[in-house]
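# Commentary on secondary and tertiary structure
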Amino acid sequence: MAPFDLKGVFLSAFDYKTEKYVIAKNKKVGILYRLIQLSVIGYIIGWVFVTKKGYQETEESLQSSVITKVKGVVFTNTTGPGPWLWGPEDYVVPQQGEAVLFITTNFITTPNQKLGYCAESIKVLDGHCQENEDCPKGDTVIAGHGIKTGRCLKKNRNSTGTCEIYGWCPIERSIRPDVPLLGKAENFTIYIKNFIRFPKFNFSKSNVLETADDMYLKKCSYDKFAHSYCPIFRLGDIVRRTGHDFQHMALLGGAIGILIEWHCDLDKGYSDCNPRYSFTRLDVNSTVNAISSGYNFRYARYFKNADGETYRTLYKVYGIRFDILVHGKAGKFNIIPTIINIGSGLALMGAGAFFCDMVLLYMMKKSTMYRERKFETHNKNGNNNRDSIDVSGKAVKQPSEQEQVTEPTSDQHTPERIDLLNGQKDKSCD
């Protein structure tokens, strides 16, 4: 075994490699190379710079504030609470005008509840009993309405009864209306005011038209083309834009997302930064037959009678929850990302040449000829230490210095042409 040449390995680290340009007269590889070049140029210009605006510095850390206000009144006259005029202070929760709000569209009332003793609902499984022992005194009814008193109330000896409880009696009604009691809420309007700021560029804007006309907001309604800067939306139109029917959704409630997007090209100026709205229904189980369909919750209104006794009216309300989401991105020209993207494009161009070299070196029948022309090793005297390889792959000893033919000085910088179609050097380059 030959000894390991540590000195040669060390000295090889100081070798210099330079490129040798060999023109291969192969139309297929030439066409492939030009196609790769055109593809890279098209990608850099069309996708990186035109579509993605790779010459810009971008910011996505949008600072946003949303203020909401709902307007509209509706009259109802139902058994229990009787006639009632619903205003925003009644059907909007919360009333502070936040980015998340709930608008009541249907309700069930249980009036005149008072703390006392009554039977638990038959629909509550933990309230079922056969004997008094099934209702331990002091235990809370799981998912029920009160505290067990220790008594089992049965209609007759053989029937299944329910535990007596201490709570707000009578217990909650469970009969749901067939139509939404606040169905006219379809004509209510939501005023959505949005302020945004991109701190990196010190740029701020809002979705409200800048005008001196005090009556503009009183008479406008949002339209994508005619009134894109009117922040007033009709509830029925919002639900319709999600692909659903308002009356159907108002029966059991639901959730809607209102997305406001700000995509701003600050190179084009202040007027090119405009809000874009999109609407989608967020609750998955949106069918009437689904177990958890709709959206509802409960609250109560308390009062005292003439004798000072406390009563309450319990409301189970159904409605539409609105989640207002704001996203944005701003861009402005910067020389650094421009240089980076141009450099990436040039690197891809070099990758194209590398790929074509791999095709010529390893994927063609006459790859040996191209390999022997492309790679040469010269010693410090300028002599070629490589034995050349002919097309058949056999080693051919290089001629001595006396046998070598010196090429004309005028052709020293002319690229060597190889005709890979017939395996011969192009004589026009000799």
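Note that the coordinates shown come from a computational prediction; the quantities given were computed from them, not determined experimentally. (Residues numbered from 1 in each chain as written. Predicted model: local features only at pLDDT ≥ 70, side-chain atom pairs only at ≥ 80, totals over all residues. Heavy atoms only, no water.)

## Focus on the overall build of the chain
Quick note on the threshold: Only DSSP runs of H or I reaching four residues or more are called helices, and only runs of E reaching two or more are called strands; each is numbered from the N terminus. When a residue's accessible area, from a 1.4 Å probe over protein chains only, is under 20% of the maximum for its type it is buried; when over 50% it is exposed; and in between it is partly exposed. Residue contacts are defined here by distance: any two heavy atoms, one from each residue, within 4.5 Å place the two residues in contact. Shrake-Rupley sampling with a 1.4 Å probe provides the accessible areas, and residues are treated as covered by the protein chains on show and by no other component.
Of regular secondary structure, the chain possesses eight helices and 21 strands. Looking at the chain as a whole, 37% of its 430 residues qualify as buried. For the chain, long-range pairs separated by at least 24 residues make up 66% of all intrachain contacts whose partners lie at least 6 apart in sequence. As displayed, the chain has an accessible area near 27,100 Å², and 56% of this comes from carbon and sulfur atoms.

## A closer look at the pattern of salt bridges
The criterion, for reference: Salt bridges are defined by distance alone: a side-chain nitrogen of Lys or Arg within 4 Å of a carboxyl oxygen of Asp or Glu.
This model, assessed by the stated rule, comprises 12 salt bridges. For Arg301, the salt bridge is made with Asp90, and the minimal N-O distance between the two is 3.4 Å. Taken together, the residues Arg301 in strand S16 (residues 296-304) and Asp90 in helix H3 (residues 88-91) connect sequence positions 211 residues apart. You can call Arg301 partly exposed: its relative accessible area is 23%. For the salt bridge of Glu164 with Arg151, the shortest nitrogen-to-oxygen distance reads 3.2 Å.

## Comments concerning the packing of aromatic side chains
What describes a pair of aromatic rings is the distance from one ring centre to the other and the angle between the planes of the rings. Condition: Two aromatic rings from Phe, Tyr or Trp, using only the six-membered ring of Trp, form a pair when their centres are within 6.5 Å; if the ring planes differ by under 30 degrees the pair is stacked, by over 60 it is edge-to-face, and anything between is tilted.
Within this structure, the stated rule accounts for 18 aromatic pairs. Ring centres of Phe297 and Tyr299 lie 6.4 Å apart, and the angle between their planes is 40°; this geometry places the pair in the tilted category. For Phe297, a relative accessible area of 24% puts it in the partly exposed group. Each ring, one from Phe303 and one from Tyr311, has its centre 6.0 Å from the other, and the planes form 15°; the classification is stacked. Accessibility expressed as a relative area gives 35% for Phe303, which makes it partly exposed. For Tyr311, a relative accessible area of 17% translates into the label buried. Members of the aromatic cluster, each reached through a chain of ring pairs, are Trp86, Phe102, Phe107, Tyr295, Phe297, Tyr299 and Tyr315.

## Focus: the environment of Leu35
Structurally, Leu35 can be placed in helix H2 (residues 27-51). Linking Leu35 and Gly352, residues 317 residues apart in sequence, is a C-alpha distance of 9.3 Å.

## Points about the nonpolar core
In plain terms, the rule: What we call a nonpolar core is a set of buried Ala, Val, Leu, Ile, Met, Phe, Trp, Tyr and Cys residues that are connected through their side-chain atoms within 4.5 Å.
In terms of nonpolar packing, the biggest core is built from 44 residues, with Ile103 and Phe322 touching the most fellow members. Secondary-structure elements contributing two or more residues to this core are strand S3 (63-71), strand S7 (100-119), strand S11 (189-198), helix H5 (235-241), helix H6 (246-252), strand S14 (254-265), strand S15 (275-281) and strand S17 (310-333). Looking at this core element by element, the count peaks at seven residues for S17. One finds Val40, Ile44, Cys356 and Leu360 within the second-largest nonpolar core, a separate group that totals 12 residues.

## Focus on H2
Filter applied, for reference: Helix span is expected to be 1.5 Å times the residue number reduced by one. We define the bend at any residue as the angle between the axes fitted to the seven residues before and including it, ending there, and the seven starting there.
End to end, H2 covers 33 Å across 25 residues, agreeing with the expected 36 Å (1.5 Å per residue, within 8%). Taking the largest bend as the criterion, H2 deviates by roughly 25°, centred on Tyr43. Three or more residues of H2 are buried, namely Val29, Ile36, Gln37, Val40, Ile44, Val48 and Phe49. Residues of H2 that are buried in the fold lie against helix H7 (335-362). Just beyond H2, the residue with positive phi is Lys53, at close to 50°.

## Topic: a nonpolar patch on the surface
Operational definition: Surface patches are defined over residues having more than 30% relative accessible area and no salt bridge, joining like charges when they lie within 9 Å and nonpolar side chains (Val, Leu, Ile, Met, Phe, Trp, Tyr) when within 5 Å.
On the surface, Phe333, Ile335, Ile336, Ile339 and Ile340 cluster together into a nonpolar patch covering about 520 Å² of accessible area. For the nonpolar patch, the element with the most residues is H7, which contributes four residues. Tracing the backbone through its elements, the reader meets Ile336 in helix H7.

## Remarks on the packing of H7 against helix H8 (residues 367-374)
Here is the rule we go by: To get an axis, a line is fitted to the C-alpha atoms, and for a helix only the part in contact is used. The angle between two axes follows their N-to-C directions and goes from 0 to 180 degrees. The cut-offs work like this: below 35 degrees is roughly parallel, past 145 is roughly antiparallel, 65 to 115 is roughly perpendicular, and the gaps in between are oblique.
Contact geometry for H7 and H8: axes closest at 6 Å, N-to-C directions at 120°. Judged by the angle between their axes, H7 and H8 are oblique. Contact residues: H7 offers Asp357, Leu360, Leu361 and Tyr362, while H8 offers Ser367, Tyr370, Arg371 and Lys374.

## Structural notes on the environment of Tyr21
Within the fold, Tyr21 resides in the loop between helix H1 (6-12) and strand S1 (22-24). Separated by 353 residues in sequence, Tyr21 and Lys374 have C-alpha atoms that sit 7.4 Å apart.

## Some thoughts on the state of the cysteines
Two cysteines form a disulfide when their sulfur atoms are joined by a covalent bond. Stated precisely, the cut-off is as follows: Disulfide assignment relies on a single distance test, namely cysteine sulfur atoms paired within 2.5 Å.
With the rule as written, the count across this model stands at five disulfides. Linked covalently through their sulfurs, Cys118 and Cys169 form a disulfide whose S-S length is 2.1 Å. What sets the handedness of the Cys118 and Cys169 disulfide is the S-S torsion sign, and at about -75° it is left-handed. Residue Cys118 is found in strand S7, and its partner Cys169 is found in strand S10 (residues 161-169); the two are separated by 51 residues along the sequence. Sulfur-sulfur distance for the disulfide between Cys264 and Cys273 comes to 1.8 Å. Per residue, the accessibility class of Cys264 equals that of Cys273, and both read buried.

## With respect to the confidence of the model for the chain
The line we're drawing: By definition, pLDDT measures how confident the predictor is in each residue, and it falls between 0 and 100.
Chain-level statistics for the chain give a pLDDT mean of 84 and a share of 84% at 70 or above. Residue range residues 426-430 is modelled with pLDDT below 50. Its contacts to residues more than four positions away, or to other chains, number six contacts.

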